[in-house]
Amino acid sequence: MDRIFSGVQPTGNLHLGNYLGAIRNWARLQDDYDCIFCVVDMHAITVWQDPRELVRNTREVAAAMIAAGVDPKRNIIFNQSQVPAHAELAWIFNCVARMGWLNRMTQFKEKAGKHKENASVGLFAYPNLMAADILVYKATHVPVGEDQKQHLELTRDIAQKFNNDFGVDLFPVVEPLIFGAATRVMSLKDGSKKMSKSDPSEMSRITMTDDADAIAKKIRKARTDPEPLPETPAGFESRPEAANLIGIYAALTDQTVEDVCAEYGGAQFSTFKQALADLAVAKLGPVGAEMQRLMDDAAYVDGILRDGAARARAIAAPILAEVKRTVGFLEP
């Protein structure tokens, strides 16, 4: 069976974009793939984290996965820092990847901004660690959003260069699994910006732990425009908020945007928002309630993470040993 590796940062306040773009999809992959799901706490510290918050946020992500339907017995759920092979392979990849490759990474430029000299080395070398995350398990597929496609290309380049440099066929050339419209959920206050936990307005996002009243209120107050909903997707030009709300409805119902336009085209936003609020409460309410229950049982979640880390180490160890023999750290 093909193997999937996917990770999510423990940054807290998981929101609807995280759920629709990643976590929900993971539960759907577990019947067809050997799945390894990682809370990437080592990636998180490329920018400063409050240690206590990092521990809590790590549990929160694990709880979200389980609440969304990822079975911790059938799949591996763990946090990255508990498997040292990630860091060991990342150093080897630091010596394989080229500076020019990393200099082309657009996400580093976006995150570092105008003060890249003050960014951590970890933030710059982040893509090499991401490559190690994937290849230390010889994963064959990675679910990615559009913003991670460039990093996955780098992973493929590193795998191919390592194989070529040492004359081996050790690492697979990883294939992306890209999910469609659900990968970009935009702010409820500005349809031109991605939904984000860093937005100062709580009303800009629906978090996975919001209760029914909060979900409904945020949708009712979501920014719209005075025109009725368009009858075809072509009508979304210059109407990003309308496109966002219909896209969310389509993702939650597993319909196409065309289908939703056909159903609600010509309707006023007041009618559509009520339908969307009812739908979101029905879909997200049970997930949020289960996630909160799990967060209240820290010992249970920590036990799942420990068990997952042990299982992950068992897979990674022989692969890392193979790498070490290849580069000359161990006898062939």
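Computed from a predicted model, the values in this text were never measured in an experiment.

Sorry, what's going on with the packing of aromatic side chains here?
How two aromatic rings sit relative to each other is set out by the distance from centre to centre and by the angle between their planes. Applying the stated criterion across every chain yields a total of ten aromatic pairs. Their ring planes at 65 degrees and their centres at 5.1 Å tell us that Phe162 and Phe171 sit as a pair that is edge-to-face. Under the relative-accessibility criterion, Phe162 is labelled buried at 0%. You can call Phe171 buried: its relative accessible area is 2%. Here the aromatic rings of Tyr249 and Phe272 are separated by 5.5 Å at their centres, their planes lie at 45 degrees, and the arrangement is tilted. Taken together, the residues span a long stretch of sequence, with Tyr249 in helix H10 (residues 240-253) and Phe272 in helix H12 (residues 269-295) at a distance of 23 residues. Through a chain of ring-to-ring contacts, three or more aromatic side chains come together here, namely Phe93, Phe162, Phe166 and Phe171.

Can you help me understand helix H9 (residues 212-220) in this one?
Every α-helix winds through 3.6 residues per turn, so residues three or four apart in the chain are directed the same way. Of all the residues in H9, the buried ones are Ile215, Ala216, Lys218 and Ile219. Along H9, the residues classed as buried sweep out an arc of 165 degrees about the axis, all on the same side. Relative to its buried face, H9 has exposed residues pointing more than 90 degrees away, namely Asp213 and Arg220. Those residues of H9 that are buried lie in contact with H12.

Conventions adopted
Residues numbered from 1 in each chain as written. Predicted model: local features only at pLDDT ≥ 70, side-chain atom pairs only at ≥ 80, totals over all residues. Heavy atoms only, no water. Phe/Tyr/Trp six-rings, centres within 6.5 Å; stacked < 30°, edge-to-face > 60°. Buried < 20%, exposed > 50% of the residue type's maximum accessible area, 1.4 Å probe, protein only. Helix = DSSP H or I, 4+ residues; strand = E, 2+ residues; numbered from the N terminus. Arc of directions from axis to C-beta. Contact = heavy atoms within 4.5 Å.

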